[in-house]
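Structural overview
If you want the building blocks of each chain, they are given just below.
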Amino acid sequence: MAVGDVELKDNRFATLRCVVCRDLKSRLVPSDDEHPPTSVDCSVCKHTFWSQTKVLEIMPPDAIHAGWSQDVYDNDWMADIYEKWTRSIGTFLLAGLRYKDEYDYLRQHLHAAYDAPILDLCCATGPHSRVLAQEYGAGRVMGLDLSPNMLQKGARLAEEQQLDDILWIRGNALKLPFGNETLGAINCFGAVHLFPDPAAGLRESGRVLIPGGTYTAFVAVEHSNFVMRRLQLLGSPLFGVKTFNRKTLEGWLKDAGMKLSDYSVFGPAAMFTAIRLAQ
Ligand SMILES: C[S@@+](CC[C@H](N)C(=O)[O-])C[C@H]1O[C@@H](n2cnc3c(N)ncnc32)[C@H](O)[C@@H]1O
Ligand SMILES: [Zn+2]
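Just so we're clear, the structure is a prediction, and the values are computed from it rather than from any experiment.

Quick notes on the rules
The residue count restarts for each chain, going from 1 along the sequence in the order it is written. Chains and ligands are labelled by the order in which they are written, letters from A for the one and numbers from 1 for the other. Residues qualify for local features only when their pLDDT is at least 70, as the model is predicted, and side-chain atom pairs are given and counted only at 80 or more; totals for whole chains, interfaces and linings, by contrast, use all residues. Two strands are said to pair when DSSP picks up at least two bridges between them. To qualify as a helix, a DSSP run of H or I must reach at least 4 residues; to qualify as a strand, a run of E must reach at least 2; elements of each kind are numbered from the N terminus. Angular values range over 0 to 180 degrees, each being the angle between N-to-C directions of two axes fitted as lines to C-alpha atoms, with helices fitted over their stretch in contact. Remark: C-beta atoms are placed from the backbone, and a residue is labelled buried if 20 or more other C-beta atoms sit within 10 Å of its own, exposed if 12 or fewer do, or partly exposed between those counts. The crossover handedness rule: strands pointing away from the viewer, path from first strand over the helix to second strand clockwise, crossover right-handed. Residues are defined as contacting one another if the C-beta atoms placed from their backbone atoms lie within 7 Å. Every angle not falling under 35 degrees, over 145, or within 65 to 115 is termed oblique; those three ranges are roughly parallel, roughly antiparallel and roughly perpendicular. For any pair of crossing helices, the crossing counts as left-handed if the nearer helix is rotated counterclockwise from the farther one by less than a right angle, and right-handed if it is rotated clockwise. Each residue gets a C-beta atom placed from its backbone. Should that atom fall within 6 Å of a molecule or strand, the residue is termed near it. As a working rule, the residues Ala, Val, Leu, Ile, Met, Phe, Trp, Tyr, Cys and Pro are called nonpolar, Asp, Glu, Lys and Arg charged, and the rest polar, with Gly in that last group.

Moving on: the sheet that holds strand E12 (residues 258-266). Here 11 strands make up an open sheet; going across it, the order is E3-E4-E5-E6-E9-E8-E7-E10-E11-E13-E12 and the pairing mixed. In this open sheet, the two strands that pair with only one neighbour each are strand E3 (28-30) and E12. Here the strands of the sheet are splayed against their neighbours by 20° on average, with no regard to which way each runs. Bridge count between strand E11 (residues 214-220) and strand E13 (residues 269-276): seven bridges; the pairing is antiparallel. Along E13, the bridge assignment pairs tyrosine 215 with alanine 274.

Within strand E10 (residues 185-189), five of the five residues are buried, which leaves it mostly tucked inside the rest of the structure. Of the two faces of E10, the one carrying Ala185, Asn187 and Phe189 and the one carrying Ile186 and Cys188 are both buried. Pairing geometry for strand E7 (residues 118-121) and E10, over three bridges, is parallel. Note on E10: the bridge partner recorded for leucine 119 is isoleucine 186. Two elements, E10 and E11, share four bridges in a ladder whose sense is parallel. When the bridges of E11 are listed, asparagine 187 appears paired with threonine 216. The β-α-β motif built from E10, the intervening helix H6 (residues 198-208) and the parallel element E11 has right-handed crossover chirality.

Below, the discussion takes up H6. Buried residues of H6: Gly201, Leu202, Glu204, Ser205, Gly206 and Val208, and no others. Contact partners of the buried residues in H6: E7, E10, E11, helix H8 (246-255), E12 and E13.

Another aspect to go through is the packing of helix H2 (residues 76-95) against helix H5 (residues 148-160). The interhelical angle for the contact between H2 and H5, taken along N-to-C directions, is 50°, at an axis separation of 8 Å. Considering the angle they form, H2 stands oblique to H5. When you trace H2 past H5, the crossing you get is right-handed. Residues Asp76, Ala79, Asp80 and Tyr82 of H2 pack against Asn149, Met150 and Lys153 of H5.

The environment of ligand 1 is made up of 21 residues, and the closest members are Cys122, Ala124, Ala173, Phe189 and Gly190. At the level of secondary structure, the elements contributing two or more residues to the shell around ligand 1 comprise helix H1 (68-73) and helix H4 (127-136). In terms of residue class, the shell around ligand 1 is made up of 14 nonpolar, five polar and two charged.

Keep in mind these values describe shape, not function.
Okay, here's the thing in C-alpha cells:
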C-alpha cells in the first residue's frame, strides 16, 4: 500500500488522517521504519506529529478538558494500579464481572471487517488491546487514549507479553485521527459514559468503521431497580458518568449508522455490540 511516494509496510498508517487540517484527503506519512515512527507528517498541511516514549501523539490542537475523572487517569500512580486494582475490583463490585467475562464477550462478538485494522478506543493500559493482539495479531491492533501515562504503561505491559507491535496513539475519541470507513472493528470498554457528548462519540466511531465491522462496548446504564437508580442519579454526576437506557442507545447508534445486535445487562452496566450498516 502506498501513501504518496512512500510504500507502507503497515496498513494501519493508511487509515490515519490529520487532526490539524482535518482534510480527509490528508495522509500521515511515517518519517522512518521505527515502531512507532519518530514522527508522521501530514501530506496536506505538513504538520508533524511526534512520538514520545513509544506513543504516537495525534492530538487535535483544541484544548479539551474531560473533567476531574480524567485528571485522575492522567497520573502515574493510577496507571500503575489501574488494571490490577481500580478496574478489576471496581467492575467486579459494581457489575459482578471479571476480565475473563469481558474477554469472552469480545471473542464471541467482535467481528473485524476484511483485514482492516482494529481499534481499542479509550484503551487506558490496554488490557483489551492485548487480548485483541493475541486474537488478531499485534500488527493489526491500535490502542488510543487521551492519557499519556496510561498509554506508556500499556506499551510496557504489551512488551512484557511480546506484543510490541501494537500501535499506541494519544488522541481524542471525539476527533479521531482516521479516515471515513477505514477501521475493521472498534472496541470501547468503560468510556462512552465518560464522554461529554456520548452521541457525538458514537457518531465519530460510526464514521471511521467499515460497514460490516462491529463496535463492542462496556457502558454504564440506568439501573432497573428503583433504589439503585436513585443512588446512581446521586453518584453519577460526581464521577462524571452519564447513564442511559437501551432505547436512548439505539437512537444514538442509528444516528451513527449502526444497529444494536447484542445488549447484555449486568446491574448498572452493559456490554453491547453494534454493527456498522452500509449507508
Ligand atoms: C475507565 S477507563 C477504561 C479503559 C479501558 N478501556 C478498560 O476497559 O479498562 C476510561 C479511559 O478512557 C479515556 N478517555 C476518556 N475520554 C476520552 C476521550 N475523549 N478520548 C480518548 N480517551 C478518553 C481515559 O483516559 C481512560 O483511560
Ligand atoms: Zn494536515
